[in-house]
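# Structural overview for review
Residue strings, one per chain:
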Amino acid sequence: MLIAECSISMLTHDQAADIFSRMKKYSTADEVEGIFYGGRSALTRFANNTIHQNVAEENYGVSVRTVFGGRTARATTNRFDDQSLKDVVKASEDLANVQETDTDLLPVPAAGEGARTTLPVPSRHFAETAAVTPEQRADGVGKIVSIAQKHKLTTAGIFSSAESVEGIFNSRGLSNWHTQTSAEISITMLAPDSSGWQKSNSPNVANLNPQALAEIAAKKAVESAGPREVSAGKYTVILEPAAVLDITGFMFFDFGGLSLLDQRSFLNNRIGTNLFGESISIWDDVAHPLQSGPPFDGEGLRRQKIQLVENGVVKRLVYARATAEKMRNSEHAGKVGPIEPTGHGFPIPNEMGEGPMNIVFEPPRDPKTVEQMIASTERGILVTRLWYIREVDPYEKILTGMTRDGTFLVENGKIVCGVRNFRFNQSLIEMLSKVEQMSTPIRTSGEESFDMVVPAMRVRDFNFTEVTKF
């Protein structure tokens, strides 16, 4: 059954500014900050070749932070009438007043603070995505189901669409606002003893092709049927972009300055060293055309384009304002590259500090397609994606997990058959030192990490430790 989706107008910058001005009047704090969030989202879910759920939601909220000296706290509401705003401000102030003083707490940033450069960020709001209807999502699911039926498979997954806002205001005149749309399709194709999977996300629904995704997922399920058991060991692997995303995603929060100060980063004593192979260069770039998200961080600072890795050398970290101050006064100053607020902080208070959220791998000099990687591989394993990934050794970045939804044996430049899935035990540092070939990076979605712009990779000596029963 389809459910009609309707809404009032989206919350606007001007409306949020008016709400914030009312909150300021109700506050006795030294400083006030308001983070607005919300929007409308809808999701069509399918399983067993039929739609079984269609849901839609619209909600907006504001997280209010008040500051008294070095004491700060937050409270949140999704009601914007005067009494509710008075209540949320009082709740924030009551919480702040019972906190211990934080000597590292900085004043809220002024408008324009930290904006060394302003990146021209492309629009991430598309009217076509905002206007997606239940019928359109159902039509897309219908095409997916038709392909499943054609191949005698069973399919499950989602087709979602959303329109969202994010904004931040403070009592020193800072005012930032971002509106974005997004659409996502995830497809699993199931056969009696095999499966295939594809997922894609974009601010522009026109970039999603449910038929193409379904055909790829179906092909993987069909071609991996009757999987052969191949012994565990070290193999040349061809990791499709989703597999690269989900395994490399485990390292990027270590590029935050606070992570290094807390001695929980694998980059401690390694900045400026040749940690990875020369082919690996990585940026954090919110303005990249394949990226998404707001051009400001959780404190309202503009995000800077930062090169994290250059030709295998770890170049620098990202910083929130307070972390940059701590780092300048630490024993690490002078050993970690440039130290400055980079616009990568999370809303205060938090325990994480900061992190790069717009990861972009630099294209290789000689990109290869996955098909070319297969053709040049004498014996190896093609991996569609990885899952259930966990960290074994945080400093050596040894991870364990399993392959899933399309794992294949490659011999003499051709896919020979599907194989039973493997468990791996692999150092991410070692993996990125043994990359032999890469494709042109693309916007990629997975299940274990946030969306990034990553390539497929051919890697030698990838360590598979066990064979699973499926």
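That block above? That's the structure.
What you are looking at is a predicted structure, and each value in this text was computed from that prediction instead of being measured.

Take the packing of aromatic side chains next. On inspection of all chains with the given rule, the structure shows 16 aromatic pairs. Taking the centre distance of 6.5 Å and the plane angle of 85 degrees together, the rings of Phe 252 and Phe 361 count as edge-to-face. Of the two residues, Phe 252 sits in the loop between helix H6 (241–248) and helix H7 (257–261) while Phe 361 sits in strand E11 (residues 359–361), which places them 109 residues apart along the sequence. Comparing Phe 252 with Phe 361 shows no difference in burial state: the two are buried. Their ring planes at 75 degrees and their centres at 6.2 Å tell us that Phe 253 and Phe 450 sit as a pair that is edge-to-face. Separated by 197 residues along the polypeptide, Phe 253 in the loop between H6 and H7 and Phe 450 in the loop between strand E17 (442–444) and strand E18 (452–454) bring together distant segments of the chain. Through a chain of ring-to-ring contacts, the aromatic side chains of Phe 20, Phe 36, Phe 80, Phe 169 and Trp 177 assemble into a single cluster. Just above the ring of Trp 197 sits the side chain of Arg 385; from NZ or CZ to the centre is 4.4 Å. It is Arg 404 that lies over the ring of Trp 387; its NZ or CZ is 4.3 Å from the centre.

On to the nonpolar core, then. The biggest cluster of nonpolar side chains holds 55 residues, and the ones touching the most others in it are Phe 276, Ile 280 and Met 457. Aside from chain neighbours lying at most four places away, what touches Met 457 is Val 237, Ile 238, Leu 239, Val 244, Ile 280, Phe 361, Met 373, Met 431, Leu 432, Val 435, Gln 437 and Met 438. Membership of the second largest hydrophobic core comes to 21 residues, among which are Ala 16, Val 32, Phe 68 and Ala 75.

Turning our eyes to something else, we now look at the packing of helix H1 (residues 13–26) against helix H2 (residues 82–97). Two elements in contact, H1 and H2, have axes whose closest approach is 9 Å; the angle formed by their N-to-C orientations is 55 degrees. One element, H1, and the other, H2, form an angle in the oblique class. Here the hand of the crossing between H1 and H2 comes out right-handed. Here Ile 19, Arg 22, Met 23 and Tyr 26 of H1 come into contact with H2, specifically with Asp 82, Leu 85, Lys 86 and Val 89. Here the residues of the contact of H1 with H2 are counted per class, giving five nonpolar, no polar and three charged.

What follows deals with the sheet that holds strand E6 (residues 194–202). The antiparallel open sheet is built from six strands, whose spatial order is E3-E2-E1-E4-E5-E6. Looking along the sheet, the strands with just one partner apiece sit at the ends: strand E3 (71–77) and E6. Mean inter-strand twist for the sheet, computed between neighbouring axes without regard to direction, equals 15 degrees. Bridge analysis of strand E1 (residues 31–47) against strand E2 (residues 50–68) gives 17 bridges, and the strand direction is antiparallel. Its bridge partner being in E2, Leu 43 is matched across the sheet by Val 55.

Phi is mostly negative for residues that are not glycine, and the peptide bonds are mostly trans. Cis geometry is adopted by the peptide bond preceding Pro 349, which originates at Ile 348 and carries an omega value of 0 degrees. The topology assignment puts Pro 349 in the loop between helix H8 (321–328) and E11. Phi at Asn 49 is positive, roughly 65 degrees, even though this residue is not glycine. By secondary structure assignment, the location of Asn 49 is in the loop between E1 and E2. For Asp 405, which is not glycine, the phi torsion reads 60 degrees and is therefore positive. What makes Asp 405 buried here is its relative accessible area of 5%.

Right, let's talk about helix H4 (residues 134–150) for a bit. Every α-helix carries 3.6 residues per turn, so stepping three or four residues along brings you back to the same face. Its 17 residues give H4 an end-to-end C-alpha distance of 24 Å, which sits within 8% of 24 Å, the value for a rise of 1.5 Å per residue. Regarding H4, the residues found buried are Pro 134, Arg 137, Ala 138, Gly 140, Val 141, Ile 144, Val 145, Ile 147 and Ala 148. Looking at the buried side of H4, the elements it contacts are E1, E2, strand E4 (154–170), strand E5 (175–191) and helix H5 (210–223).

A word on the pairing of strand E15 (residues 422–427). Of the pairings in the sheet, the one linking strand E13 (residues 398–411) to E15 comprises five bridges and is antiparallel in character. Paired with Ile 398 across the bridge in E15 is Ser 427. In the sheet, E15 pairs with strand E19 (residues 457–467) via three bridges, with the strands oriented antiparallel. Counterpart to Arg 423 in the pairing with E19 is Glu 466.

Attention now goes to the packing of H4 against H5. Look at H4 against H5: their axes get within 9 Å of each other, and the N-to-C directions meet at 25 degrees. When the interaxial angle is binned, H4 and H5 end up roughly parallel. In the packing of H4 onto H5, the handedness of the crossing is right-handed. Two secondary-structure elements touch here, H4 through Gly 140, Lys 143, Ile 144, Ile 147 and Lys 150 and H5 through Pro 210, Gln 211, Ala 214, Glu 215 and Ala 218.

Rules of the game
- Residues numbered from 1 in each chain as written.
- Predicted model: local features only at pLDDT ≥ 70, side-chain atom pairs only at ≥ 80, totals over all residues.
- Heavy atoms only, no water.
- Phe/Tyr/Trp six-rings, centres within 6.5 Å; stacked < 30°, edge-to-face > 60°.
- Helix = DSSP H or I, 4+ residues; strand = E, 2+ residues; numbered from the N terminus.
- Buried < 20%, exposed > 50% of the residue type's maximum accessible area, 1.4 Å probe, protein only.
- Lys NZ or Arg CZ within 6 Å of the ring centre and 35° of its normal.
- Core = buried A, V, L, I, M, F, W, Y, C linked by side-chain atoms within 4.5 Å.
- Contact = heavy atoms within 4.5 Å.
- Axes fitted to C-alpha atoms, helices over the stretch in contact; angles between N-to-C directions.
- Parallel < 35°, antiparallel > 145°, perpendicular 65-115°, else oblique.
- Left-handed = near helix turned anticlockwise from the far one by under 90°.
- Nonpolar A, V, L, I, M, F, W, Y, C, P; charged D, E, K, R; others polar.
- Pairing = 2+ DSSP bridges.
- Expected span 1.5 Å × (residues − 1).

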